[in-house]
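Architecture at a glance
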Number of protein chains: 2
Amino acid sequence: MAVVSYVVNGGPRPVAEGTRQRVLAAIEQTGYRPDGVARALVGGSTMTLGLIVPDIANEFFAELARAVEHAARAAGRTVLLANSEGDAQTELALLETFLERRIDGVVIISQAPITAARMLERAGTRRVFLGAAPPDDSSIGVDNFGGAVAATMHLVGHGYERIAMIGGPDLDEVADARRDGWQHALTSLGAAEEGAFVHQPFTVDGGYVGGLELLAGDTRPQAIFAASDRQAIGLLRAAADEGISVPDELAIATFDGSAASAYAVPSLTTVQQPITQMADLAVRQLTAHDAPPLHAVLEVGLVIRRSCGCSRPWLEPRRL
Amino acid sequence: MAVVSYVVNGGPRPVAEGTRQRVLAAIEQTGYRPDGVARALVGGSTMTLGLIVPDIANEFFAELARAVEHAARAAGRTVLLANSEGDAQTELALLETFLERRIDGVVIISQAPITAARMLERAGTRRVFLGAAPPDDSSIGVDNFGGAVAATMHLVGHGYERIAMIGGPDLDEVADARRDGWQHALTSLGAAEEGAFVHQPFTVDGGYVGGLELLAGDTRPQAIFAASDRQAIGLLRAAADEGISVPDELAIATFDGSAASAYAVPSLTTVQQPITQMADLAVRQLTAHDAPPLHAVLEVGLVIRRSCGCSRPWLEPRRL
DNA sequence: TTGAAAGCGCTAACAG
DNA sequence: CTGTTAGCGCTTTCAA
């Protein structure tokens, strides 16, 4: 009994080579497979990580999930996946289920960071928040402000003067930062007038609706900065429906850098989030023996493609 | 001890109302949370389902994953997710991990159905194969042949005569059925010449490469049937790069019906897979007390949008 | 170096 | 109706 445990786990007591071989042979012969449940019961760790995203069918979260699963696998962990559907109640219920399953840690894009953190703290479960996070918990975010500035500046550099924005939901931490970045870039460049702005959810439909609204005005914007790739996809459709050609009559820049942005026609100039890096960091934070609280704000890069009009003459942006 | 178990689980022995209240109060006070691991150890069931897909970042699988997680949650189950990366070895290793975690059942899109089935059979684990499946295991598929026929017929109905196809990988069960459907529709309608065909992976790049190839010939096809939405997205890009307008100069129909097909510009006419139904069926099969082997072949529907040229004059298809 | 035994938190049979 | 007890399959002391 015990000896089998020693050879399967390579410890903690030494085993004579002969015995080891006999055990291995027996394992082979009987098709014995260690029971992870029993192991978890005694050992304390389930070797399982939880991942809660609003919606796995959203390209960005899907890519994130892939990266997290990959990193978790490399660390010998399995991942439990759940969709909060953007709803705080659902998210908390999911967390409760995960806690009952005794996950070792959770990566969460939270709608209710404070409450979630309290729950996890009480359960003594490790966690990493992506995006919105309570101040004292580990979190990984990106430079939303800087990314928005870079994208907007790029648009300005093209010589567009009326640069509108399709923002995210109101009072959303991430959405606000992107909006501020856009705003900042415009005002610091001494834009004559304020750019048009609409709040929309981070969805294709949101981008479509917001796009139609922005394109309907009599002084139509020359460029639109969308707060997410999904919205940009919807905006592309809105422009097509209105018979407005992108980028010739309307330039677009966006935020996320999901694969969909590369596949769109025209391909989207976008602020690229370092998804793999985020996932690797998150998993390391949850699995490392010694992990001091983490408050990462990762750099983003601007990926220049066609939607901004980069096939057209280029003007250097004025200095910030 | 036991009484607590009785009230938490509502059985199997009755508990006096007073005691019940006291137990409930104690639970509330202590913040007691039942340990699922210990439960699983004694009870036998982990209330966990596994899901193995080639790549969660593929829209179709992401939508499937969402539907599976949703159905599983409704049935009180949690889902363990993993990407096989389209590799049989990885898939089997993943399965091994899942088996050690003692999942109650698995939904799998398999690269090695026979081996996987043997493994699962030996472990006594319930499973449902989606797509390729061993003959005696439960499986859920769609009418790939019929769907391809419908899509192709629709293209024929538009009056196109040179209808090419971007197929899936060679020797792939699903891909072959779609190819056969396309072929069947063409020949049974007495097409003068054979349609051009290229094998490509079910990816955006596959569709792009295949599209360029098909569009390069001197007798360019009037319409192309892509074996998957992802390929169609790539094809759309290829057409754009070649300056060919869709649907005016090239009509497109495709297979899957993922959300991306609706968001594309132009929107894609596609064979819609009943994702929710597939997921519900799969989860029921894995959780139902009494589940006789299932060999479902679900009906698909043709969703007509813009890429086929349906804004243009319409010709009734000749009879099949 | 190996074997025996305790116990992880729970459920279910078995007494009371 | 409630309390006691025997495991579920494993890891890890503790003895031999």
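Report follows, based on the coordinates. Computed from a predicted structure; not experimentally measured.

The rules behind these values
- Residues numbered from 1 in each chain as written.
- Chains lettered and ligands numbered in written order.
- Predicted model: local features only at pLDDT ≥ 70, side-chain atom pairs only at ≥ 80, totals over all residues.
- Heavy atoms only, no water.
- Helix = DSSP H or I, 4+ residues; strand = E, 2+ residues; numbered from the N terminus.
- Expected span 1.5 Å × (residues − 1).
- Contact = heavy atoms within 4.5 Å.
- Polar contact = N/O pair within 3.5 Å; in protein donor to acceptor, adjacent residues only side chain to side chain.
- Near = heavy atom within 4 Å.
- Nonpolar A, V, L, I, M, F, W, Y, C, P; charged D, E, K, R; others polar.
- Buried < 20%, exposed > 50% of the residue type's maximum accessible area, 1.4 Å probe, protein only.
- Pairing = 2+ DSSP bridges.
- Right-handed = clockwise from strand over helix to strand, strands pointing away.
- Least-squares fit on C-alpha atoms with pLDDT ≥ 70 in both.
- Core = buried A, V, L, I, M, F, W, Y, C linked by side-chain atoms within 4.5 Å.

**Concerning helix 8 (residues 173–188) of chain A**
Residues and elements named next belong to chain A. Compared with the 22 Å implied by 1.5 Å per residue over 16 residues, the 22 Å span of helix 8 between its first and last C-alpha is a close match. Those residues of helix 8 that are buried are in contact with helix 7 (144–157), strand 6 (163–167), strand 7 (197–199), strand 8 (223–226) and strand 9 (251–256). The residue sitting at the N-terminus of helix 8 and contributing the capping side-chain oxygen is Asp172; that oxygen lies 2.9 Å from the backbone nitrogen of Val174.

**Concerning the protein's contact with DNA strand C**
Among the 22 residues in the neighbourhood of DNA strand C, the closest are listed as Ala16(A), Thr19(A), Ser5(B), Tyr32(B) and Arg39(B). When atoms of DNA strand C within 4 Å of the protein are split into backbone and base, the sugar-phosphate part holds 70%. A distance of 3.5 Å separates a base nitrogen of DNA strand C from a polar atom in the backbone of Ala38(B). A per-element tally of the surface near DNA strand C places helix 1 (residues 2–9) of chain B first, with four residues. For the surface near DNA strand C, the class distribution of residues is 15 nonpolar, three polar and four charged.

**Quick word on the pairing of strand 9 (residues 251–256) of chain B**
All names here are of chain B. Counted residue by residue, strand 9 has six buried out of six residues, so it is predominantly covered. Here strand 9 shows no split at all, with Ala251, Ala253 and Phe255 on one side and Ile252, Thr254 and Asp256 on the other all buried. With three bridges connecting them, strand 8 (residues 223–226) and strand 9 associate as parallel partners. In the strand pairing of strand 9, Ala223 is matched with Ala251. Regarding the hand of the β-α-β motif, the stretch spanning strand 8, helix 10 (residues 229–241) and strand 9 is right-handed. As judged from the four bridges shared by strand 9 and strand 10 (residues 269–272), these two strands associate in the parallel manner. Looking across to strand 10, one finds that Phe255 is bridged to Val271.

**Looking at the relation of the copies chain B and chain A**
Mapping chain B onto chain A is achieved by rotating through 180 degrees and translating by 0.1 Å along the same axis, at an RMSD of 0.1 Å. Taken together, the rotation and translation relating the two chain copies correspond to the operation of a two-fold axis. Nearest to the rotation axis, the C-alpha of Leu80(B) is located 2.2 Å from it, this being the minimum over chain B. Looking at the interface residues of chain B, 100% of them are also at the interface in chain A, so both copies use one shared face.

**Brief notes about the protein's contact with DNA strand D**
Within the structure, DNA strand D sits among 22 residues, and Tyr32(A), Asp35(A), Arg39(A), Ala16(B) and Thr19(B) are positioned closest to it. The protein-proximal atoms of DNA strand D, defined as those within 4 Å of the protein, are 66% sugar or phosphate. A distance of 2.9 Å is found between a phosphate oxygen of DNA strand D and a backbone nitrogen or oxygen belonging to Asp35(A). In this structure, a base oxygen belonging to DNA strand D sits 3.4 Å away from a main-chain N or O atom of Val42(B). The leading source of residues in the surface near DNA strand D is helix 1 (residues 2–9) of chain A, at four residues. Residue composition of the surface near DNA strand D, grouped by class: 15 nonpolar, three polar and four charged.

**Concerning the nonpolar core**
By size, the foremost hydrophobic cluster in this structure holds 102 residues, and its most contacted members are Ile140(A), Leu155(A), Phe225(A), Ile140(B), Leu155(B) and Phe225(B). Among residues more than four places away in sequence, those in contact with Leu155(B) are Tyr160(B), Ile163(B), Ala223(B), Ile224(B), Phe225(B), Ala251(B), Ala253(B) and Cys308(B). Ranked by size, the runner-up nonpolar core spans 33 residues in total, among them Ala116(B), Ala117(B), Met119(B) and Phe129(B).

**Looking at the environment of Pro293(B)**
Residue and element names in this part refer to chain B. Its location among the elements puts Pro293 in the loop between helix 12 (275–287) and strand 11 (295–298). For the pair formed by Pro293 and Asp137, sequence separation is 156 residues and the distance between their alpha carbons is 6.8 Å. Discounting residues that sit within four places of it in the chain, Pro293 has contacts with Ser138 and Gln285.

Geometry only, nothing functional implied.
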